[in-house]
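Read off the chains here:
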Amino acid sequence: MLESLFWASLCTLAFHVLFLRDCGFDSVQVGYILAASNVTSCVAPVAWGYLSDCLHSVKKVFLIACTVLAASTFLMPATREMTIGRIPCPAIMLIVYMAAYSGAYSLLDVWIIRICERSAGKLYYSGIRMWGSIGYASACFLLTGIANQRGIATVYYIAVVLAGLLLFWAWKQKEVDYQNKAKARKMSVRPLLGNRQFLILLAYNFVIHFVVYESSNYMPYLMQEMGLNESLYSAISGLRGLTEVPILVFGSKLGKRLGANRFLMIAGGLYCLEHSLYLVSGSLLHIIILQGLEGIAYGFFLSVSSQRVFELAPQEIGATAQSLMTSFVFIANIAASLLGGYVVGWFGARKLYLFTAILQVSATALYMMFSCSEKDDLRKNDL
């Protein structure tokens, strides 16, 4: 229920570009705003994670982050006509929103993984995470029709209500116990940054999310270029979330049998196929199918990536390690937002997908080469 409510309250992620366009911003301006909103998201997850490790409480810090998230969600449409100096208030609220979202997102992953670790094999991360995909998809489907009838601002106000329900439900949950608290106070991120396997995972995580954000941020422009109704993108985004579910149902169990690296390579291969096919797509059906393929690819990635982080990182700095991964997600979003805005403005949306296809093919090939040769495990380091 917690996972489902969290992602349902984040349904506004599918509407941010449409909301900014509705406010009158062009593709380059949208790129700048998205990039600026993600600058704080690069630092924020590590700060949230470090605070959680210091306080030995995931729940308390998660509740704080979600409160900030709810407030910024409300203020984004409420202040759309206001400016502070020359800066539009929606842009400022989006910065606050992304800083809170990035922290809450990584902390919830930490919370779930620690619950799974203490379940003695009865619970798996992917089996819980799939409810997030279902919640997000359901909210996107339902709110697309409301947005068309009542306006995009209505979506944000409904998301605030969902965030309120999330806070109430999270407050009722039990805290996750920290082990070795005395040792945790002496930990630093140096062991993480000194492990090649973790750094390879960070780099691959960056490329995967660069490609994902290029696709999600600028898909409305590709649909417009194809003569399609770009307002349908939020519903298609919900479908993408729904196609993650079948993979997430059995992902963790299969990942343990086949190995995390194989799962991550499968995800990269599917992204290569998806972005190559965008170059010849010509109808709404093609877009729907390819977005569904992206959901399947992300399902493979989600099934094992967070668990892989906890295999490589000592438990005492698990939240910090996961938050560092999340920081790279938002660094990828910054790069995707800035570069994508210029590519779409200068060459058109189709050329953007040519670039992402080449990048993903190269990254997957390199990951296969380097990850297969690495045998390090951070847990074996003498800390």
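This text goes with the structure placed above it.
Below you will find a few notes about this structure.

**Remarks on the packing of aromatic side chains**
- Going through the model one piece at a time under the given rule, you end up with 9 aromatic pairs.
- With 5.9 Å between their ring centres and 50° between their planes, Phe 6 and Phe 62 make a pair best called tilted. Here Phe 6, found in helix H1 (residues 2-9), pairs with Phe 62, found in helix H4 (residues 58-78); they are 56 residues apart in sequence, far enough to count as distant. The residues Phe 6 and Phe 62 share a single accessibility class, namely buried.
- For the ring pair Phe 263 and Phe 300, a centre distance of 5.0 Å and an interplane angle of 70° mean the geometry is edge-to-face. Taken together, the residues span a long stretch of sequence, with Phe 263 in helix H12 (residues 260-277) and Phe 300 in helix H13 (residues 284-312) at a distance of 37 residues.

**Some remarks on the packing of H12 against H13**
- The interhelical angle for the contact between H12 and H13, taken along N-to-C directions, is 155°, at an axis separation of 8 Å. Taken as axis vectors, H12 and H13 run roughly antiparallel relative to one another. Our pair here, H12 against H13, has a crossing hand that is left-handed.
- For the contact of H12 with H13, the class distribution of residues is 17 nonpolar, 5 polar and 3 charged.

**Thoughts on the environment of Arg 80**
- With respect to the element layout, Arg 80 can be found in the loop between H4 and strand E1 (83-84).
- What makes Arg 80 partly exposed here is its relative accessible area of 26%.
- Sequence separation between Arg 80 and Met 93 is 13 residues, and the spatial gap between their C-alpha atoms is 9.6 Å.
- Apart from the residues within four sequence positions on either side, Arg 80 is in contact with Phe 19, Asp 22, Cys 23 and Pro 90.

About the cut-offs
Residues numbered from 1 in each chain as written. Predicted model: local features only at pLDDT ≥ 70, side-chain atom pairs only at ≥ 80, totals over all residues. Heavy atoms only, no water. Phe/Tyr/Trp six-rings, centres within 6.5 Å; stacked < 30°, edge-to-face > 60°. Helix = DSSP H or I, 4+ residues; strand = E, 2+ residues; numbered from the N terminus. Buried < 20%, exposed > 50% of the residue type's maximum accessible area, 1.4 Å probe, protein only. Axes fitted to C-alpha atoms, helices over the stretch in contact; angles between N-to-C directions. Parallel < 35°, antiparallel > 145°, perpendicular 65-115°, else oblique. Left-handed = near helix turned anticlockwise from the far one by under 90°. Nonpolar A, V, L, I, M, F, W, Y, C, P; charged D, E, K, R; others polar. Contact = heavy atoms within 4.5 Å.

Read these as layout, nothing more, since geometry by itself doesn't imply function.
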